[in-house]
Number of protein chains: 2
Amino acid sequence: MATIHDVAEKAGVSVTTVSRVLNNRGYISDATRRKVFGVMEELNYHPNEIARSLLRKQSNIIGLIIPNVSHPFFGELANDVEFFAHRNGFKVLLCNSRLEPAKEREYIEMMKRNRVDGIIMGSHTLEVGDYESLPYPIVTIDRRIGESIPYISSDNYRGGELATRLLIDKGCRKIAHICGSLELDLLANLRTDAFESMATRSGIHHLTIQTDMDVFNQEQYEDMIRRLFREHPDIDGVFATSDIIAAFAVKIGRTLGKRIPEELRIVGYDDVKAASWLQPSLTTIRQPIREMSELAVELIRKQMEEAPYERENILPVELIERDTT
Amino acid sequence: MATIHDVAEKAGVSVTTVSRVLNNRGYISDATRRKVFGVMEELNYHPNEIARSLLRKQSNIIGLIIPNVSHPFFGELANDVEFFAHRNGFKVLLCNSRLEPAKEREYIEMMKRNRVDGIIMGSHTLEVGDYESLPYPIVTIDRRIGESIPYISSDNYRGGELATRLLIDKGCRKIAHICGSLELDLLANLRTDAFESMATRSGIHHLTIQTDMDVFNQEQYEDMIRRLFREHPDIDGVFATSDIIAAFAVKIGRTLGKRIPEELRIVGYDDVKAASWLQPSLTTIRQPIREMSELAVELIRKQMEEAPYERENILPVELIERDTT
DNA sequence: TTGTAAGCGTTATCAG
DNA sequence: CTGATAACGCTTACAA
């Protein structure tokens, strides 16, 4: 693979000159410029970004750590992050932690060694201290860490309120909330707070169940929801913390012969694309994934440029009513 | 950020020695080894992989170019590719081409400049020549390019046969096939060949419609399928080329009051996770995404090591019968 | 068992 | 307008 020296030699100029035409810096005569470009073409020369990175101390890489890209929410997030990263001249290194602390830690180490320009953290299995010592820009999705690291989330408390109120307003008598593991220190837990507070305040029968850490074990959902309906056959409203879980609730509810939404109302969360093509389509709380992704990249960039930025970034959610309520 | 020089100085040894303990090469006394490790800890030293890459001419990065990670099929593929890449010591650079040739070309250029160790191509909007000139290992998913580049696909023809035969065997009288744009030179087009050949042979009424290039415009699916049923109300079997499209067919069929599977039978493709949690769950042709991903990483590795490898890698598909037939 | 020095492919500085 | 040369942080002959 041709280097800048090969080009310089063949073009009969110095490497400095080649570098200049490459970066369009300083004065160069049109003749040499043309000559150099010609030789580059001829040698099929591609500047080595690794060498550039070494010198500039900038890799133009953003690390994205999430639990699992094959989960629709994170798939859409990753897609959007990549889009905005690319638009800002960054590449994206994809890391799936699978919510294993060891893997998450290893990925963070790897990113340090690779001198990424910043990390977007969407997986949170470690302690606060593990993150605070990081030597470069971080942005956190859905978790508040320490005093200085900026975080992005949607308005989880409000989302919980909207969902719960909708179920109550529609006349539900006993509502269940299915959330993720509350042991993880996530802002998403505010949804649960909102649910319990609002349900309690309105004096409605309610209960909350947690999925375990292995978010990607789908059978877990089935068993859990089946048990829920078995133990509480009178449940007529479910607020699930993701559209996937909601889809399982729909499926199992139907299997048990419950009419939706007449006998069982279900509200999901996220508004991933699937929510609208499911049958019945899901009522859900929309998170602005696109805006969150755009902001994440922007916050990395701002930290790199030492520009001012907001530490707390809470984006609005929206209730999307569809068939399941 | 500490460099190897800082460590050497503080430990009172040469950089060579530090490098040796780092890479565990050559003889070093236990005393200095301990000393050096201590200083590394103290200085919070992380070896700079960029410098290493420059020297070794190996980045340990695999580029993954796909249309869109938020599509379930590619999301699962990306997830698995990342898993196996990590296990083989590679990082993954994620690129969404959105099926725009300009973007795909730009990504390929970017990868050349960044000296990735190999590329897994799951997006195919360019001409064969654009790929053949690439200076490093490539693996292609679902497309055959030139004579030398290895490719991976599942047995598309067989998948088409299985789906079509199932519809016929179940007693369908008029079947429709919804495929992607046939202008793209994909092995997935074999599904269509199989459909048409088998339907023709058995003398059944049949027709094929193509979606346009913008695979990610979901409204397109709705309109297209609605029109299909309007123009051919007697269709009682649909073979869709993805589970997403199949899900839309289910949704619209239901809206039109057709009972599934009694009056309308539907077969999808891929067996993404959603296929099993949809309601009704989808009958589909399973592609072995995990195996395909593992093989993709392995083929990159083998090319790097100049080990022998198969050029043609066609993995078996499987019919998964669920509720929609 | 340890150290010196060259080189990986660029860019920046300084001098013509 | 152009060119030498010294970095960037690391590994690897070659020497000691």
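Residues numbered from 1 in each chain as written. Chains lettered and ligands numbered in written order. Predicted model: local features only at pLDDT ≥ 70, side-chain atom pairs only at ≥ 80, totals over all residues. Heavy atoms only, no water.

The name an unreviewed UniProt entry gives chain A is LacI family DNA-binding transcriptional regulator, with Paenibacillus gyeongsangnamensis as the organism.

**Digging into the relation of the copies chain B and chain A**
Of the transformation superimposing chain B on chain A, the axial component is 0.0 Å and the angular component is 180 degrees, with the fit at an RMSD of 0.0 Å. In the structure described here, the two chain copies are related by an operation that fits a two-fold rotation axis. Among all C-alpha atoms of chain B, that of L93 of chain B lies closest to the rotation axis, at 2.4 Å. When the interface residues of chain B are mapped onto chain A, 100% of them are again interface residues, pointing to one common binding face. (Least-squares fit on C-alpha atoms with pLDDT ≥ 70 in both. Contact = heavy atoms within 4.5 Å.)

**Some details on the sheet that holds strand β10 (residues 283-286) of chain B**
Residue and element names in this part refer to chain B. Taken in spatial order, the six strands of this open sheet run β7-β6-β8-β9-β10-β12, and their pairing is mixed. What marks the edges here is a single partner per strand, and that holds for β7 (205-210) and β12 (318-320). Strand after strand, the sheet turns through a mean of 20 degrees between neighbouring axes, direction not considered. Lying on the sheet, helix α10 (residues 218-231) is in contact with β6 (174-179), β7 and β8 (237-240); it crosses β7 at an angle near 155 degrees. On the sheet, helix α11 (residues 243-255) packs against β6, β8, β9 (265-270) and β10 and is oriented at approximately 160 degrees with respect to β9. (Pairing = 2+ DSSP bridges. Helix = DSSP H or I, 4+ residues; strand = E, 2+ residues; numbered from the N terminus. Axes fitted to C-alpha atoms, helices over the stretch in contact; angles between N-to-C directions.)

**Observations regarding the pattern of salt bridges**
All names here are of chain A. A complete count under the given rule lists 34 salt bridges over all chains for this structure. Taking the shortest distance from any N to any O, the salt bridge between R290 and D80 comes out at 3.9 Å. With R290 in helix α13 (residues 289-304) and D80 in helix α5 (residues 72-87), the pair connects residues that are 210 residues apart, well separated along the chain. What makes R290 partly exposed here is its relative accessible area of 38%. (Salt bridge = Lys/Arg side-chain N within 4 Å of Asp/Glu carboxyl O. Buried < 20%, exposed > 50% of the residue type's maximum accessible area, 1.4 Å probe, protein only.)

**Brief notes about the protein's contact with DNA strand C**
Taken together, 27 residues surround DNA strand C, and among them I4 and L55 of chain A together with T16, T17 and K57 of chain B come closest. A share of 58% of the atoms of DNA strand C within 4 Å of the protein falls on sugar and phosphate groups. Separating a phosphate oxygen of DNA strand C from a backbone N or O atom of S14 of chain B is a distance of 2.8 Å. One of the side-chain N or O atoms of R20 of chain B is found 2.6 Å from a base oxygen in DNA strand C. (Near = heavy atom within 4 Å. Polar contact = N/O pair within 3.5 Å; in protein donor to acceptor, adjacent residues only side chain to side chain.)

**Brief notes about the packing of aromatic side chains**
For any pair of aromatic rings, geometry is given as the distance between the ring centres together with the angle between the planes. Residue and element names in this part refer to chain A. Following the criterion strictly, the structure yields 12 aromatic pairs over all chains and no others. Taken together, a centroid distance of 5.6 Å and an interplanar angle of 55 degrees make the contact between Y221 and F248 tilted. Separated by 27 residues along the polypeptide, Y221 in helix α10 (residues 218-231) and F248 in helix α11 (residues 243-255) bring together distant segments of the chain. Note on accessibility: Y221 and F248 belong to one class, buried. Members of the aromatic cluster, joined through ring pairs, are F195, F239 and Y269. For the cation-ring pair, R191 lies above Y269, with the distance from its terminal atom to the ring centre recorded as 3.6 Å. (Phe/Tyr/Trp six-rings, centres within 6.5 Å; stacked < 30°, edge-to-face > 60°. Lys NZ or Arg CZ within 6 Å of the ring centre and 35° of its normal.)

**Focus on the interface of chain B and chain A**
Contacts between the two partners involve 50 residues from chain B, matched on the other side by 50 residues from chain A. The three residues of chain B that bury the most area against chain A are I50, R115 and W277 of chain B, which together make up 15% of that side's buried surface. With its nearest N and O atoms 3.8 Å apart, the salt bridge here joins E49 of chain A to R113 of chain B. Where chain B packs against chain A, one counts 20 residue pairs in polar contact (both at pLDDT 80 or more). The set of elements that each furnish at least two residues to the side of chain B that touches chain A consists of α4 (49-56), α5 (72-87), β2 (91-96), α6 (101-113), α11 and α12 (273-277) of chain B. Of the residues assigned to the side of chain B that touches chain A, the class counts are 22 nonpolar, 14 polar and 14 charged. (Buried area = accessible area lost by both parts, 1.4 Å probe. Nonpolar A, V, L, I, M, F, W, Y, C, P; charged D, E, K, R; others polar.)

**A few points about the sheet that holds strand β12 (residues 318-320) of chain A**
Each strand in a sheet pairs with its neighbour through backbone hydrogen bonds, running either in the same direction (parallel) or in the opposite one (antiparallel). Residue and element names in this part refer to chain A. Spatially, β7-β6-β8-β9-β10-β12 is the arrangement adopted by the six strands of the open sheet, whose pairing is mixed. For this open sheet the edge positions go to β7 (205-210) and β12, each flanked by a neighbour on one side alone. Across the sheet, the axes of successive neighbouring strands diverge by a mean angle of 20 degrees, strand direction being ignored. Where strand β10 (residues 283-286) and β12 come together, three bridges link them in antiparallel fashion. By the bridge assignment, T284 is partnered in β12 with I320.

**Details of helix α3 (residues 30-43) of chain B**
Residue and element names in this part refer to chain B. The first and last C-alpha atoms of α3 sit 20 Å apart over 14 residues, in line with the 20 Å expected at 1.5 Å per residue. Of the surrounding elements, those touching the buried residues of α3 are α1 (4-11) and α2 (15-23). A positive phi of about 55 degrees marks N44, the residue just after α3. (Expected span 1.5 Å × (residues − 1).)

**What to know about the side chain of S153 of chain B**
Residue position: S153 of chain B is located in strand β5 (residues 151-154). By relative accessible area, which is 2% here, S153 of chain B ends up buried.

**Quick notes on the UniProt feature "domain: HTH lacI-type" (unreviewed entry) in chain A**
With numbering aligned to this structure, UniProt lists the feature "domain: HTH lacI-type" (unreviewed entry) at residues 2-56 of chain A. Secondary structure content for residues 2-56 of chain A is 71% helix and 0% strand, and the end C-alpha separation is 21 Å. (UniProt positions renumbered as here; feature names shortened; annotations may be inferred.)

**A closer look at the nonpolar core**
Nonpolar side chains in soluble globular proteins tend to end up buried together. If you look at the biggest cluster of nonpolar residues, it comprises 112 residues, and the most contacted ones within it are I120 of chain A together with I120 of chain B. In this structure I120 of chain A touches I62, G63, L64, I65, V81, V139, I141, A296, V297 and I300 of chain A, once residues within four positions along its chain are discounted. Grouped together as the second largest cluster of nonpolar side chains are 36 residues, M110 and I119 of chain A together with C95 and I119 of chain B included. (Core = buried A, V, L, I, M, F, W, Y, C linked by side-chain atoms within 4.5 Å.)

**Description of the protein's contact with DNA strand D**
Lining the immediate environment of DNA strand D, one finds 24 residues, of which T17, R20 and K57 of chain A together with I4 and L55 of chain B sit closest. Each atom of DNA strand D within 4 Å of the protein was assigned to sugar, phosphate or base; sugar and phosphate come to 63%. Contacts to DNA strand D include K57 of chain A, whose side-chain N or O atom sits 2.4 Å from a phosphate oxygen. Considered class by class, the residues forming the surface near DNA strand D number 10 nonpolar, 10 polar and four charged.

**Structural notes on unusual backbone geometry**
Leaving glycine aside, a negative phi is the common case for residues, and trans is the common case for peptide bonds. Following I260 of chain B, the chain continues to P261 of chain B via a peptide bond in cis, the omega torsion being 5 degrees. Mapped onto the elements, P261 of chain B comes out in the loop between α11 and β9. Omega for the bond connecting Q279 of chain B with P280 of chain B falls within 30 degrees of zero, at 0 degrees, which places this linkage in the cis form. Relative to the helices and strands, P280 of chain B is located in the loop between α12 and β10. The phi dihedral of D142 of chain A falls on the positive side, at around 70 degrees, and the residue is not glycine. Checked against the element boundaries, D142 of chain A lands in the loop between β4 (138-141) and β5 (151-154). On the basis of relative accessible area, D142 of chain A is assigned to the buried category, the value being 12%. For E306 of chain A, which is not glycine, the phi dihedral falls at a positive 55 degrees. Note that E306 of chain A resides in the loop between α13 and β11 (312-315). A relative accessible area of 72% means that E306 of chain A is categorised as exposed.

**With respect to the packing of helix α1 (residues 4-11) of chain A against helix α2 (residues 15-23) of chain A**
Residue and element names in this part refer to chain A. Contact geometry for α1 and α2: axes closest at 8 Å, N-to-C directions at 105 degrees. Judged by the angle between their axes, α1 and α2 are roughly perpendicular. On α2, the residues that touch I4, H5, V7 and A8 of α1 are V15, V18 and S19. (Parallel < 35°, antiparallel > 145°, perpendicular 65-115°, else oblique.)

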